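Residue-level listing of the chains:
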Amino acid sequence: EPEVTQTPSHQVTQMGQEVILRCVPISNHLYFYWYRQILGQKVEFLVSFYNNEISEKSEIFDDQFSVERPDGSNFTLKIRSTKLEDSAMYFCASNGDRSNSPLHFGNGTRLTVT
Amino acid sequence: DAKTTQPTSMDCAEGRAANLPCNHSTISGNEYVYWYRQIHSQGPQYIIHGLKNNETNEMASLIITEDRKSSTLILPHATLRDTAVYYCIVRPLSGNTPLVFGKGTRLSVIA
């Protein structure tokens, strides 16, 4: 069964550094998402992306964040200057073009900012 | 904010049916009910979804009340691997409306 894959599984970075989290959505999916989950807290929506542009973003997704689909398969989340509070699990998700198509999630990247 | 209410936690004996309730009294006519689960710190896993009819797949059954204000997810024969946090989410009929997660129900399956 096709799945969403995310790399790396764990990323450690120093405060102030840029990080890029990578995702390969399911191949025929059209809608892409990033979520994050701080340890012990809820899964929070960050941003959705369709047709090469952002569809919706939350208050968390400020100017430090950006997303890109650089080619036909990858979907990336960039954090320009990481802060300690960016430490979290980051999940990528995708879904198809049917209106009730469920989102499918990857297993996440654990980002640790030191 | 999540539009659903779920119990914080539940226990279920291994091999028995696990029945997880969810209230969504303000659900709109164009909103589906989705169920996901999260095992430890893995990514949320899709289980099942429905609009108004009961649904069944290889993982679970979804029973939606006639007034659509509540639903129950049924795992017919719970195993230890079903221990997870289960999320009930309502989502409009739309291609890219994001899911909004609440706190879910922590289901513990006990041997």
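Residue positions within a chain follow its written sequence, with the count starting from 1. Written order determines the labels here, with chains lettered from A and ligands numbered from 1. Owing to the predicted nature of the model, reporting of local features is limited to residues with pLDDT of at least 70; listing and counting of side-chain atom pairs is limited to 80 or more, with chain, interface and lining totals taken over all residues. Each side-chain value is derived from all of the structure's non-hydrogen atoms; neither hydrogens nor water enter the calculation.

Draft legend 1. Looking closely at the overall build of chain B. Each helix and strand in chain B was counted, giving 0 helices and 9 strands. Helix and strand labels come from DSSP, where a helix needs a run of H or I of at least four residues and a strand needs a run of E of at least two; each type is numbered from the N terminus. Counting from the amino terminus, helix and strand elements in chain B follow one another as β-β-β-β-β-β-β-β-β. With C-alpha atoms as the basis for the radius of gyration, the globule rule is written as 2.2 Å multiplied by the number of residues raised to the power 0.38. Here chain B has a C-alpha radius of gyration of 13 Å; the compact-globule value for 111 residues is 13 Å, and the two agree. Projected onto its principal axes, the C-alpha positions of chain B cover 40 × 30 × 25 Å. Across the 111 residues that make up chain B, the buried fraction comes to 47%. Whether two residues are in contact is decided by their heavy atoms, any of which lying within 4.5 Å being enough. Sequence-distant contacts in chain B: of pairs separated by 6 or more residues, those separated by 24 or more amount to 57%. Note that His is not counted, nor are the chain ends; the positive residues are Lys and Arg, and the negative ones are Asp and Glu. A charged residue contributes its charge at one atom only: NZ of Lys, CZ of Arg, CG of Asp or CD of Glu. Averaging the positions of the 10 positive and the 9 negative side-chain charges in chain B gives two centres separated by 3 Å. Working definition: with a 1.4 Å probe on protein chains only, accessible area under 20% of the residue-type maximum means buried, over 50% means exposed, and in between means partly exposed.

Draft legend 2. Local environment of unusual backbone geometry. The linkage connecting Thr7(A) with the following residue, Pro8(A), adopts the cis geometry, with an omega of -10 degrees. With respect to the secondary-structure elements, Pro8(A) resides in the loop between β1 (5-7) and β2 (10-13). Positive phi outside glycine occurs at Asn51(A), with the angle close to 55 degrees. Mapped onto the elements of the fold, Asn51(A) is located in the loop between β5 (44-50) and β6 (53-57). Here the phi dihedral of His40(B) falls at roughly 50 degrees; this positive angle occurs in a residue that is not glycine. Within the fold, His40(B) resides in the loop between β3 (31-38) and β4 (45-50).

Draft legend 3. Highlighting the sheet that holds strand β9 (residues 105-110) of chain B. All names here are of chain B. One open sheet holds the 5 strands; their spatial order is β1-β9-β8-β3-β4, and the pairing between them is mixed. On the outer flanks of this sheet lie β1 (9-13) and β4, each paired with one strand and no other. Sheet twist, expressed as the mean angle between neighbouring strand axes with direction ignored, is 25 degrees. Pairing analysis gives 8 bridges linking β3 to strand β8 (residues 84-92), with the strands arranged antiparallel. Residue pairing across strands places Glu-31 opposite Pro-92, the latter belonging to β8. Only strands that DSSP links by at least two bridges are regarded as paired with each other. Axes, fitted as lines to C-alpha atoms, cover a helix only where it is in contact. Angles between the N-to-C directions of the axes lie from 0 to 180 degrees.

Draft legend 4. Quick peek at the sheet that holds β1(A). Residue and element names in this part refer to chain A. In space, the 4 strands of this open sheet follow the order β1-β3-β8-β7, with antiparallel pairing throughout. Edge positions in the sheet fall to β1 and β7 (65-68), since each of these pairs with one other strand and no more. Adjacent strand axes in the sheet meet at a mean angle of 20 degrees, parallel and antiparallel pairs treated alike. Bridging between β1 and strand β3 (residues 19-24) involves 3 bridges; their strand directions are antiparallel. Residue pairing across strands places Thr-5 opposite Val-24, the latter belonging to β3.

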